[in-house]
Amino acid sequence: MSTESVGTRFRDLLTHKRSIGFGLEHLGYLTLKFPKAVALFVLALSILAISQIPRANVDGDLLRVYANSGHEYDAYKHLADTFGTFENDVYLLVTSPKLTEPQVLERMRELAFELELNEFAAGTLSPFSLRKPAEGGGTLPAVPEEMTDPAQVAAAMTDLQQNDPMMRNLINPDLSGVVMIMFPNPDLAKGGNIKTMIAQLKELAASFESEDIHVELTGPPIWTSEMLDASVQDQVKFTIYGFALGALIALFSLRSFWGAIIVAATPFVAVMWTMGIVLLFFGSFSFLTIIVTTLVLVICFAESLFFIFNWLAYWRDGMDPTKAVDETVRHMGAASGLTMLTTLVSFASLSLTPGQGIQEFSLAGTIGSLLLFTCLMTFLPLMLKTAIRLGLKLPKTPSFALTAPIPVSWFLATRFGRPIAVGAIIVTFLLLIPYALIQPRFSFEDFMTEGSTALQAAESIDQGVGGVAPLYVRVPLKEGVASVGDADFQTIKKVHEILEKHLGANKVISAASFKHYADSGFTRDEIFSAVGPFMKRRFVTDDNTQALVTGFMPTIIESDELRRLVDNVESDIKAAGIEDTEVGGFRILTTFATDNIVRGLQLDLTFSVLVNLFLIGFAFMSWRVALASTIPNLFPILGTEAYLYFTGAGLQLTTVMALTIAFGIAVDDTIHFLSHYLQERREHRRNHLDAVKHTMERIGGAIVATTIILCAGTAIVAFSELPQVALFGSLFVITLALALLGDLFILPALLVAGGRFFHPLGGIKMADAPHPLDEPDEPAPAGRTAPGE
């Protein structure tokens, strides 16, 4: 095709107002008109992306997911700003069958001392770091030093465990172990330093391991570290296996090694671009944004395979392979533009829900959608033309296995079209019932890695001395004196008693925990001096205007149970006449904020479905097309939500996101089907049934192949060690599998059964004007037949 011919048709395209791709296919025409300039653009974007990839890292801060998500986050941040950072506290569970042996006890004291000297420690709390007021003034170690007899050790430790409220949370009742807590310096323990801190603590713990002493680490930083490691491992596995599976499926589908390489190259470039630009925008990946690269990988594989299928079909029909590339850009560009828009709308709709993590995932997905379409319209045509010039041969016909369902689908549509259509409509409407009834669900355990040793250690602490899931109550003080006045102390004591009522005895610490020392004649000023300035700030602010009461909940607690606990605590505090208190904590933040986020995401899903169905109807300028696409695309979403409802899984953070994105992807096959169907009606003047049958025969195999690629690519995610990510992958596969049933069986049945209703389709007369990439009508040279004749 001459440059002048393409240029003339390209100018004509600017007046073509009824493109279903809203003109996005112009990018493909630019590639055909200015291949060298576009090649330089592809190269420049690739260099930019590659330059960012060495910076790739995953930020393990869970607060990034919930930042700016609403009242719960604001309350938690206020607590952290007032009393210090809580989510970085590290717990050491130190156990020994010989704890009462003096040499073992002293070895544990050495561990506590080394922990205090750690460069990341702003303070520590352990039986060995606590001190008690001395009768003659000054302080003494809470655990006496230089004990020489096991009976003496046992008596001293038992007395502390039973009579010192602080020790009850640090010493196991059976004297089988103690808990040590390190409070990291928030200025040092952030970013990449957290990994260094944990490595140092693991090395310290290992140096004290022996037959008599066993040390386990747990707490939010350890949990996050395990999640981070699993997330990075997942990304490596997903990328490698995703490419391998995609390439193998492409090889099986196309029966061509080089065809499979071409199909795999486009997703490779799209993933590289997405990683680089996301890193350029955010500086790092989060637990959510890292999923985007896998989604881009599988979506681009599917779209690339669709493109290749269409290109090969034109080539097999006798068209010159180079011109077949142009023709594929012409026929697929608009449809691919529309599919990109539906996926983009699904990602963008998530931004309606507050929360930094959701906002970043939404923006990263939007960026990925734009980049994969750009790659499809620029890199892929250029690569195909290069491969043709290098001598690429026409591959064999697609595998029969891909087209095997098509005759069955056509038989069912023509013989049982009406009952299938009616049944699909009834079932889809019935599935609205569980959609309306399903409720949000949050379980902290679902965010932990499978078989987490840190989680097991936390549960051991739960069973022994307390817990590693703190619940905080901020109590305003009225007197503001240096050592907490009597009225304020009574207020703290009352809140302390309320928390103990709900959490159990010895599960709460506060300024009231030191009552036994006050009863022994020590002033509160002497008591706070004994615990030191850092620990004092865990009970009372430096300006003595606010106090903190801390209760320890079980590590694993269901969201409904936690909600009831918080409601009961707040009700009892209010009934006691104590005003302006604030209940918070990381577990409260994650549970309550997740509930609100999930409800928002459910609305986003509904909004995405409605907008995308409207977008399809508007693009095709036909409400009949929008109606035809409704049932095949609502069915998989509602079917998956019904599965969640009846299995009791409920709606979780990643499940709603999976459904939203899966809908945006699932609708792609419907768009390609309807686009090809309408082209057959308008350009080739086929009647309704012939157009449906030809569409099924022409792209049915591509729909099967792309769905297999999408399912295989996301099925890998289902094997993640992170339950939430694994559930994301499982639901994605279920939704796409149901979408395949919708496109291969429900949609043809609806079109056939509604023959009279759909027969008028054709409002957009695409053949009324010459297409900008059409060759001028010239007689074919002698001895040569025009393509297609």
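Every value quoted in this text rests on a predicted model; they were computed, and no experiment measured them.

Asks: Looking at this structure, how should I read the environment of Ser 176?
Replies: Considering the arrangement of structural elements, one finds Ser 176 in the loop between helix H8 (165-168) and strand E5 (177-184). Residue classification places Ser 176 among the partly exposed positions, given a relative accessible area of 25%. Spatially, the C-alpha atoms of Ser 176 and Val 94 are 8.7 Å apart, while their sequence positions differ by 82 residues. Not counting residues within four places of it along the chain, the set of residues in contact with Ser 176 comprises Val 94, Thr 95, Ser 96 and Leu 99. Here Asn 172 takes part through its side chain, which lies 3.1 Å from a polar atom of the side chain of Ser 176. For Ser 176, the side chain forms a polar contact with the side chain of Asp 174, separated by 2.6 Å.

Asks: How should the sheet that holds strand E6 (residues 214-218) be read in this particular structure?
Replies: In any sheet, the strands associate via hydrogen bonds between backbone groups, in a parallel or an antiparallel arrangement. Read from one edge to the other, the open sheet built from 4 strands follows the order E2-E5-E1-E6, with strand pairing classed as antiparallel. A strand with exactly one partner marks an edge of an open sheet, and here the two such strands are strand E2 (121-125) and E6. On average, adjacent strands in this sheet sit at an angle of 20 degrees to one another, irrespective of strand direction. On top of the sheet, helix H6 (residues 102-116) reaches strand E1 (90-95), E2, E5 and E6; it is set at about 10 degrees to E5, its chief contact.

Asks: Can you help me understand the packing of aromatic side chains in this one?
Replies: The tally for this structure, following the rule as stated, stands at 8 aromatic pairs. Ring centres of Phe 22 and Phe 618 lie 5.8 Å apart, and the angle between their planes is 10 degrees; this geometry places the pair in the stacked category. Highlighted residues: Phe 22 in the loop between helix H1 (3-13) and helix H2 (26-33) and Phe 618 in helix H24 (residues 586-619), separated in sequence by 596 residues. Residue class for Phe 618 comes out partly exposed when judged on its relative accessible area of 44%.

Asks: It is not clear to me how the pattern of salt bridges should be interpreted in this structure. Could you clarify?
Replies: Two side chains with opposite charge may pair up if their charged atoms get near one another. Applying the stated criterion to the full structure yields 12 salt bridges. A salt bridge links Arg 107 to Glu 110, with the shortest nitrogen-to-oxygen separation between them at 3.0 Å. Taken together, the residues span about one helical turn, with Arg 107 and Glu 110 both in helix H6 at a distance of 3 residues. Overlapping salt bridges bring together Arg 563, Asp 595 and Arg 599 as one network.

Criteria and thresholds
Residues numbered from 1 in each chain as written. Predicted model: local features only at pLDDT ≥ 70, side-chain atom pairs only at ≥ 80, totals over all residues. Heavy atoms only, no water. Helix = DSSP H or I, 4+ residues; strand = E, 2+ residues; numbered from the N terminus. Buried < 20%, exposed > 50% of the residue type's maximum accessible area, 1.4 Å probe, protein only. Contact = heavy atoms within 4.5 Å. Polar contact = N/O pair within 3.5 Å; in protein donor to acceptor, adjacent residues only side chain to side chain. Pairing = 2+ DSSP bridges. Axes fitted to C-alpha atoms, helices over the stretch in contact; angles between N-to-C directions. Phe/Tyr/Trp six-rings, centres within 6.5 Å; stacked < 30°, edge-to-face > 60°. Salt bridge = Lys/Arg side-chain N within 4 Å of Asp/Glu carboxyl O.

These results come straight from atomic positions and should not be treated as a statement about function.
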